[in-house]
Amino acid sequence: MRDAERRNMPLFPIGIVTRLTELTPRQIRYYEKQGLIYPARTKGNQRLFSFNDVDRLLQIKSYLEKGINIAGIREMLKQSQEIKEARKEAEKAKRELSERELRRMVKRQLIYPDRPGKIPLTHGEFSRFFRH
DNA sequence: TTTCTTACA
DNA sequence: TGTAAGGA
């Protein structure tokens, strides 16, 4: 199991979260209503919070203590989310680039194999198998 | 027992 | 934001 999955597992009922964050259930429910968090629900409609939810609540709490209002916090969380996604995109682009580089390397290797006795393919022959 | 929603002296 | 009511 990956770390990201582990951190997003719905695990804690609100009572545990109140002790973890020292926020009241009232506050936690209010922040949810304000769109700051979105905990999962059980079949019985009870909230279940993940590690990420708890971290987010702690983040919200610290912002509140610094005098930032709900609207401001919503913006900050939204922006940090956007930054997160932008980073993800950048990583993806980077991986795709190395995929291309890898393909080029494989091409060269196939066209000019070091293996003795192997007859090199011409670029034209090779290209018929690797076009993109 | 715990949590849920709604509503307000 | 606290708290009461009434149900799950």
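The structure presented is a predicted model; accordingly, all values stated were derived computationally and were not measured.

Conventions we followed
Residues numbered from 1 in each chain as written. Chains lettered and ligands numbered in written order. Predicted model: local features only at pLDDT ≥ 70, side-chain atom pairs only at ≥ 80, totals over all residues. Heavy atoms only, no water. Core = buried A, V, L, I, M, F, W, Y, C linked by side-chain atoms within 4.5 Å. Buried < 20%, exposed > 50% of the residue type's maximum accessible area, 1.4 Å probe, protein only. Helix = DSSP H or I, 4+ residues; strand = E, 2+ residues; numbered from the N terminus. Contact = heavy atoms within 4.5 Å. Near = heavy atom within 4 Å. Polar contact = N/O pair within 3.5 Å; in protein donor to acceptor, adjacent residues only side chain to side chain. Nonpolar A, V, L, I, M, F, W, Y, C, P; charged D, E, K, R; others polar.

(A) Highlighting the nonpolar core. Residues Ile28, Tyr31, Leu57 and Ile60 are the most contacted members of the largest nonpolar core, which totals 16 residues. Only helix 2 (14-21), helix 3 (25-33), helix 4 (51-65) and helix 5 (70-111) provide two or more residues apiece to this core. Ranked by residue count, the leading element in this core is helix 4, at four residues. Among residues more than four places away in sequence, those in contact with leucine 57 are Val17, Thr21, Leu23, Ile28, Tyr31, Ile37 and Phe49.

(B) Examining the protein's contact with DNA strand B more closely. Around DNA strand B sit Pro13, Ile14, Gly15, Arg29, Arg41, Asn45, Gln46 and Arg47, and that is every residue in its neighbourhood. If you look at DNA strand B and keep only atoms within 4 Å of the protein, 95% of those are sugar or phosphate atoms. In this structure, glycine 15 approaches DNA strand B through a main-chain N or O atom, which is 2.6 Å from a phosphate oxygen. Contact distances for DNA strand B include 2.7 Å between a phosphate oxygen and a side-chain N or O atom of arginine 29. Residues of the surface near DNA strand B, tallied by class, amount to two nonpolar, three polar and three charged.

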